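Architecture at a glance
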Amino acid sequence: MKHITKFAAAAAVTLAFATGGASLAAAEVIEVKMLNFNPDDPSQVMVFEPQVVRANPGDTIRFVSVDAFHNSKSIEGMIPDGAEAWESPISENFEVVVNEEGTYGYLCVPHQLMGMAGLILVGDYTKNLDAVKALQHDGMLQLRFDALFAELQ
């Protein structure tokens, strides 16, 4: 039994050294549904559910096309430096890996005038939060982001 314990300890030290002490936690897949109505509040139309996602660097955000004619598109100026922009096809499931810490703002292109938008908060999401909040949008989109930012207070 002592040999197994010594082996396990040596393996853990070797693995920690090889990974630079990085966490061995597996990346998560977080689902965001693209919906015509919020199931908890049917008065909210054209929504992502959840509208605010908290993730870690390396996690995957899976946008699920529950209702037709939705997509997900990152908003220029609302993603962290070094992050890749994305735009998913309409009415299709889509995945994006969020590697950079910060706040990501996104919308549904066909329903942006109706305020269909969401936020992904990755790690220390405050890194670019002030810049993201300063960006101004038209109409309902601005109202939706204002409401989402108010939830962060």
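Residues numbered from 1 in each chain as written. Predicted model: local features only at pLDDT ≥ 70, side-chain atom pairs only at ≥ 80, totals over all residues. Heavy atoms only, no water.

Here the focus is the environment of His111. If you trace the backbone, His111 turns up in the loop between strand E7 (102-107) and strand E8 (117-122). As for His111 and Val45, which are separated by 66 residues in sequence, their C-alpha atoms are 9.8 Å apart. Excluding anything up to four places from it in sequence, His111 contacts Met46, Phe69, His70 and Met116. Here the side chain of His111 touches His70 through a polar contact of 3.1 Å, side chain to side chain. (Helix = DSSP H or I, 4+ residues; strand = E, 2+ residues; numbered from the N terminus. Contact = heavy atoms within 4.5 Å. Polar contact = N/O pair within 3.5 Å; in protein donor to acceptor, adjacent residues only side chain to side chain.)

All right, on to the packing of aromatic side chains then. The geometry of an aromatic ring pair comes down to the distance between the two centres and the angle between the two planes. Applying the stated rule across the entire model yields seven aromatic pairs. Between Trp86 and Tyr104, the ring centres sit 6.3 Å apart and the planes meet at 35°, which makes this aromatic pair tilted. Separated by 18 residues along the polypeptide, Trp86 in the loop between strand E5 (73-74) and strand E6 (94-98) and Tyr104 in strand E7 bring together distant segments of the chain. Each member of the pair, Trp86 together with Tyr104, is buried. (Phe/Tyr/Trp six-rings, centres within 6.5 Å; stacked < 30°, edge-to-face > 60°. Buried < 20%, exposed > 50% of the residue type's maximum accessible area, 1.4 Å probe, protein only.)

A separate point is the sheet that holds strand E1 (residues 29-38). Read from one edge to the other, the open sheet built from four strands follows the order E2-E1-E4-E6, with strand pairing classed as mixed. The open sheet has two free edges, formed respectively by strand E2 (41-49) and E6, since each of these has just one partner strand. On average, each strand axis in the sheet is inclined to that of its neighbour by 30°, with strand direction left out of account. Bridge count between E1 and E2: five bridges; the pairing is antiparallel. Within E2, the position partnered with Lys33 by the bridge is Glu49. (Pairing = 2+ DSSP bridges. Axes fitted to C-alpha atoms, helices over the stretch in contact; angles between N-to-C directions.)

Right, let's get into the nonpolar core. Grouped together as the largest cluster of nonpolar side chains are 20 residues, with contacts concentrated most on Phe48, Ile61, Phe63, Tyr104 and Ile120. Sorting the residues of this core by element identifies E1, E2, strand E3 (52-55), strand E4 (59-65), E6, E7 and E8 as the ones contributing at least two each. In terms of residue count, E1 provides more of this core than any other element does, three residues in total. Dropping the residues within four chain positions of it, Ile61 is found in contact with Ile30, Val32, Val53, Ala55, Phe94, Glu95, Val96, Val98 and Ile120. Counting residues in each nonpolar core, the second largest holds 15 residues, with Val52, Ile75, Tyr125 and Phe145 among its members. (Core = buried A, V, L, I, M, F, W, Y, C linked by side-chain atoms within 4.5 Å.)

Excluding glycine, most residues fall at negative phi; most peptide bonds, likewise, are trans. Note the cis peptide between Glu49 and Pro50, where omega equals 0°. Relative to the helices and strands, Pro50 is located in the loop between E2 and E3. A positive phi is found at Met46, a non-glycine position, where the angle reads about 50°. Locating Met46 in the fold gives a position in strand E2.

A word on the side chain of Thr60. Mapped onto the fold, Thr60 is located in strand E4. Among all residues touching Thr60, those that are not within four sequence positions of it are Glu28, Val29, Ile30, Glu95, Val96 and Val97.

Everything listed is a geometric property; what it means functionally is a separate question.
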